[in-house]
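Here is how the chains run, residue by residue.
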Amino acid sequence: MDRYFVEVGRCGADLLRAIAVSLGIDPEFFAAKYTKPLQRTQAVYYPVQADDRPADQFGVAPHTDYGCVTLLYQDAVGGLQVRELGSERWVDAPFIEGSLVVNVGDLLARWSNDRFRSTLHRVINTSGRERYSIATFYDPDYTARVDPADLGVSAAEAQYPPVAAGDYILGRIDASMSYRKAAAS
Ligand SMILES: O=C(O)CCC(=O)C(=O)O
Ligand SMILES: [Fe+2]
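All values derive from a computational prediction rather than experimental measurement.

Caption draft 1: Up close: the site of ligand 1. Near ligand 1 you find Tyr-46, His-63, Asp-65, Leu-72, Leu-80, His-121, Val-123, Arg-131, Ser-133 and Phe-137, and these make up its full shell. Within the side chain of Arg-131, a nitrogen or oxygen atom sits 2.9 Å from an oxygen atom of ligand 1. Contributing elements (two or more residues each) for the shell around ligand 1: β7 (121-123) and β8 (131-139). The biggest single contributor to the shell around ligand 1 is β8, with 3 residues. Its residues assigned to classes, the shell around ligand 1 shows 5 nonpolar, 3 polar and 2 charged.

Caption draft 2: Focus on the sheet that holds strand β6 (residues 101-104). Spatially, β1-β8-β3-β6 is the arrangement adopted by the 4 strands of the open sheet, whose pairing is antiparallel. Strand pairing shows two members of the sheet lacking a second neighbour, β1 (38-46) and β6, which therefore form its edges. This sheet shows a mean twist of 20 degrees between the axes of neighbouring strands, independent of strand direction. Along the sheet, helix α1 (residues 2-23) makes contact with β1, β3 (69-74), β6 and β8, crossing β3 at roughly 130 degrees.

Caption draft 3: Inspection of the coordination of the iron ion (ligand 2) at higher detail. Surrounding the iron ion (ligand 2) are the protein donor atoms His-63 (NE2), Asp-65 (OD) and His-121 (NE2), which sit 2.1 to 2.2 Å from the metal. Read in sequence order, the donor residues coordinating the iron ion (ligand 2) give the pattern H-x1-D-x55-H. Of this pair, His-63 sits in strand β2 (residues 60-63) while His-121 sits in strand β7; the two residues are 58 residues apart in sequence, bridging distant segments of the chain. By relative accessible area, His-121 is classed as buried at 6%.

Caption draft 4: Seen up close, the pairing of strand β4 (residues 80-83). Sheet topology note: the β4/β7 ladder contains 3 bridges and is antiparallel. Looking across to β7, one finds that Val-82 is bridged to His-121. Judged from the 3 bridges that link them, β4 and strand β5 (residues 90-92) form a sheet pairing that is antiparallel. When the bridges of β5 are listed, Gln-81 appears paired with Asp-92.

Definitions and cut-offs
- Residues numbered from 1 in each chain as written.
- Chains lettered and ligands numbered in written order.
- Predicted model: local features only at pLDDT ≥ 70, side-chain atom pairs only at ≥ 80, totals over all residues.
- Heavy atoms only, no water.
- Near = heavy atom within 4 Å.
- Polar contact = N/O pair within 3.5 Å; in protein donor to acceptor, adjacent residues only side chain to side chain.
- Helix = DSSP H or I, 4+ residues; strand = E, 2+ residues; numbered from the N terminus.
- Nonpolar A, V, L, I, M, F, W, Y, C, P; charged D, E, K, R; others polar.
- Pairing = 2+ DSSP bridges.
- Axes fitted to C-alpha atoms, helices over the stretch in contact; angles between N-to-C directions.
- Contact = heavy atoms within 4.5 Å.
- Donors = N, O, S within 2.8 Å, 3.2 Å for Na, K, Ca; no water.
- Buried < 20%, exposed > 50% of the residue type's maximum accessible area, 1.4 Å probe, protein only.

Function cannot be inferred from these measures alone, as they are strictly geometric.
Take a look at the structure:
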């Protein structure tokens, strides 16, 4: 797992170079924002879900990830679905040997002024088998300034003010926790 953590982080850094090139900015732009990245790599276990489960029972309920990019390794069981933009359609993201699924998160959407859009996704494991995945949230330094202007967004176009990456991500985590607490009380 230690080795996976390091290698998947390298993969995330390469991916961000490609994203920088696609935005027409310095390929090393993100490297300077990832000197002590907020990288969380976690294994997730999904028990078997019954065929007659309630409609609101998910392995993971529909959500977007909070940060910049998520690199997901999944096993061959399947169950990950992504929502097609502009439609109500859930599309399977099946296991492909030797591949990682990449999700754009809300912070990259914000940074790029929505040129990159975050991907709504969910997991429903109706395979009858247990499922495992390893999700890596590859996010910038806590103090990295996330300013759309640095990604070539003009002041007139910018929809989001600058924010520190860690403040944004922690704010989102706190909000989801208080929502859960409120729902439980
Ligand atoms: O395990 C998966 O396939 C997805 C996990 C996920 O979406 C998440 O942890 O944010
Ligand atoms: Fe996710």
